[in-house]
Amino acid sequence: MQGPAVFIDAEIDVQAQELRQFLKGLGAEISEEKSTKGIEDDLHKIIGVCDVCFKDNTHSPEEIDAVLNSIVSIIVSIPLERGENLILSFCDKMTKAKEPSLARVCLQSLWRLFSNLEVTSPLRYHVYYHLVQVAKQVNQVKEVFTGVEQLKAQFAQCPPSNEQMQKLYRLLHEVLKDTNSELASKVMIELLGTYTADNASYAREDAMKCIVTALADPNTFLLDPLLSLKPVRFLEGELIHDLLSVFVSEKLPSYLEFYKNHKEFVNSQGLNHEQNIKKMRLLSFMQLAESNSEMSFKQLQDELQINEEEVEPFIIEVLKTKLVRARMDQRARKVHISSTMHRTFGRPQWQQLRDLLLSWKSNLTLVQENINTVSAAQLELAQRQ
């Protein structure tokens with residue numbers, strides 16, 4: 001995400017004067033003469049009016065990019081301890097462009113600034129925060145954020161404060177929730193993980209958003225880990241926690257009963273009832289598959305409250321999720337389960353895993369013993385011959 005370089009070979013004070021003249025020509029309230037107070041005052045005044053570029057229709061986005069690139073080249077030449085206010089002011093101006101083509105130019109300029117700041121600079125956080133805001137305007141968030149691990153790596157040499165990361169995670173969740181609900185859920189879970197037992201009670205709103213995002217995400221089915229998050233624990237006894245518990249371990253009838261009693265609450269959270277039913281059917285099937293290696297179509301009709309003609313399409317949808325490995329026997333009107341992802345993974349699941357591993361170990365020991373017996377017999381036979 002790089003743009004053309006302009007004025008880079010010129011002296012900084014020459015760049016500043018050319019910028020003053022250009023902006024003045026666009027109608028900005030700025031003098032064409034250099035400041036007697038030095039380059040920082042020049043830059044302060046230039047940044048203060050640079051958004052006049054976004055109101056001009058006579059210059060192309062490429063020309064505006066060249067102007068902003070020149071401003072960036074001066075900013076990065078200013079010592080860190082004196083450049084904070086300049087950078088914050090410039091970042092704020094970059095969020096003002098309304099025209100998409102100019103907003104993309106601003107995105108390039110912010111990325112250029114972010115990339116040219118020292119990796120140890122705490123100002124990179126502020127630039128990145130505004131970078132995400134502008135990326136949202138032009139539907140380019142995926143260009144600046146691909147995941148939590150990538151985000152942490154970018155700030156590894158100068159980690160932002162806990163409060164700053166919380167603010168950034170909230171912004172990322174906001175810009176992702178409508179286009180990438182799965183990634184938005186991961187961001188929100190990461191946000192809740194920044195709270196401790198001492199301040200978890202202050203995370204009520206974040207915790208509720210996290211739960212709602214996870215429930216609404218059509219690709220999130222393992223919800224049990226949310227219950228262990230400290231901020232979520234503080235919601236115990238409230239309707240949102242009760243609803244989460246239904247999705248974690250109950251079946252479809254429990255959800256339908258909850259919705260019957262708390263319809264207004266579910267709707268007020270922005271959750272879609274029909275989508276909830278679809279998800280609960282999938283979760284209910286997973287739970288049935290844990291204890292049934294074979295199920296009849298009739299059993300599925302009853303358990304999932306679907307019509308006979310809906311059974312086969314439903315099973316196909318389940319298989320597409322890869323949550324369950326199964327084979328459908330249309331003639332016998334049954335489905336044979338090979339394996340399924342567990343909705344919860346507590347002590348019973350660990351015990352089941354332990355028993356399975358012990359069984360494998362026992363079988364391998366038996367195989368080894370048989371191999372040794374056969375080998376001994378073959379050796380004895382060879383010696384006799």
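Above this text you will find the structure in question.
Presented here is an overview of the structure given in this document. Given the structure is predicted, the values throughout are model-derived calculations rather than measurements.

1. Digging into the overall build of the chain
Line of reasoning, step 1. Counting secondary structure elements, the chain contains 19 helices and three strands.
Line of reasoning, step 2. Per-residue burial for the chain yields a buried fraction of 42% across its 385 residues.
Line of reasoning, step 3. A separation threshold of at least 6 residues defines the contact pool for the chain, and within that pool the share at least 24 residues apart is 63%.
Line of reasoning, step 4. Here the chain displays about 21,000 Å² of accessible surface, and carbon together with sulfur accounts for 49% of that area.

2. Section: the packing of aromatic side chains
Line of reasoning, step 1. A full pass over the atoms with the stated rule returns eight aromatic pairs.
Line of reasoning, step 2. With 5.8 Å between their ring centres and 70° between their planes, phenylalanine 247 and tyrosine 255 make a pair best called edge-to-face. Accessibility classification places phenylalanine 247 together with tyrosine 255 in one group, the buried group.
Line of reasoning, step 3. Taken together, Trp111, Phe114, Tyr128 and Phe155 form an aromatic cluster joined through their ring pairs.

3. Observations regarding the side chain of serine 185
Line of reasoning, step 1. By the element assignment, serine 185 lies in helix H10 (residues 181–192).
Line of reasoning, step 2. Excluding its chain neighbours within four sequence positions, the residues that come into contact with serine 185 are Thr213, Ala214, Asp217 and Thr220.

4. Structural notes on helix H3 (residues 61–75)
Given 3.6 residues to a turn, an α-helix orients residues that are three or four positions apart in the same direction.
Line of reasoning, step 1. Under the 1.5 Å per step criterion, the end-to-end length of H3 is 21 Å for 15 residues, consistent within 8% with the ideal 21 Å.
Line of reasoning, step 2. Counting buried residues in H3 gives twelve out of 15 residues, a clear majority hidden from the surface.
Line of reasoning, step 3. Of all the positions in H3, only Ile64, Asp65, Ala66, Val67, Leu68, Asn69, Ser70, Ile71, Val72, Ser73, Ile74 and Ile75 are classed as buried.
Line of reasoning, step 4. At its buried positions, H3 is contacted by helix H1 (12–25), helix H2 (39–49), helix H4 (80–94) and helix H5 (100–116).

5. A word on the packing of helix H13 (residues 239–249) against helix H14 (residues 252–261)
Line of reasoning, step 1. Orientation of H13 relative to H14, taken along the N-to-C sense of each, is 160°, at an axis distance of 9 Å. By the angle between their directions, the pair H13 and H14 is classed as roughly antiparallel. Considering how the two elements wind past one another, H13 and H14 form a crossing that is left-handed. Residues Leu239, Asp242, Leu243, Val246 and Phe247 of H13 form the contact with H14, whose own contacting residues are Ser254, Tyr255 and Phe258.
Line of reasoning, step 2. Residues that form the contact of H13 with H14 fall into these classes: six nonpolar, one polar and one charged.

6. Observations concerning helix H9 (residues 162–176)
Line of reasoning, step 1. Compared with the 21 Å implied by 1.5 Å per residue over 15 residues, the 21 Å span of H9 between its first and last C-alpha is a close match.
Line of reasoning, step 2. Looking at the buried side of H9, the elements it contacts are helix H6 (123–137), helix H7 (141–144), helix H8 (148–154), H10 and helix H11 (204–216).

7. Focus on the state of the cysteines
Line of reasoning, step 1. On inspection of all chains with the given rule, the structure shows zero disulfides.
Line of reasoning, step 2. With no disulfide of its own, cysteine 50 lies 6.5 Å from the sulfur of cysteine 53, the closest cysteine sulfur.
Line of reasoning, step 3. The cysteine cysteine 106 is free of any disulfide, with cysteine 50 supplying the nearest cysteine sulfur at 8.1 Å.

8. A few points about the sheet that holds strand S2 (residues 324–329)
Line of reasoning, step 1. Read across the open sheet, the three strands follow the order S1-S3-S2; overall the sheet is antiparallel. Each edge of the open sheet is held by one strand with a lone partner, namely strand S1 (294–296) and S2. Adjacent strand axes in the sheet meet at a mean angle of 25° when their direction is disregarded.
Line of reasoning, step 2. As paired elements, S2 and strand S3 (residues 334–340) share six bridges and run antiparallel to each other. Among the inter-strand pairings, arginine 327 is bridged to a residue of S3, identified as histidine 336.
Line of reasoning, step 3. The strands touched by helix H17 (residues 297–304) within the sheet are S1, S2 and S3, with S1 carrying the most contacts at an inclination of about 75°.
Line of reasoning, step 4. On top of the sheet, helix H18 (residues 311–321) reaches S2 and S3; it is set at about 150° to S2, its chief contact.

Reading the values: the criteria
Residues numbered from 1 in each chain as written. Predicted model: local features only at pLDDT ≥ 70, side-chain atom pairs only at ≥ 80, totals over all residues. Heavy atoms only, no water. Helix = DSSP H or I, 4+ residues; strand = E, 2+ residues; numbered from the N terminus. Buried < 20%, exposed > 50% of the residue type's maximum accessible area, 1.4 Å probe, protein only. Contact = heavy atoms within 4.5 Å. Areas by Shrake-Rupley, 256 points an atom, 1.4 Å probe, with all protein chains shown as cover. Phe/Tyr/Trp six-rings, centres within 6.5 Å; stacked < 30°, edge-to-face > 60°. Expected span 1.5 Å × (residues − 1). Axes fitted to C-alpha atoms, helices over the stretch in contact; angles between N-to-C directions. Parallel < 35°, antiparallel > 145°, perpendicular 65-115°, else oblique. Left-handed = near helix turned anticlockwise from the far one by under 90°. Nonpolar A, V, L, I, M, F, W, Y, C, P; charged D, E, K, R; others polar. Disulfide = S-S within 2.5 Å. Pairing = 2+ DSSP bridges.

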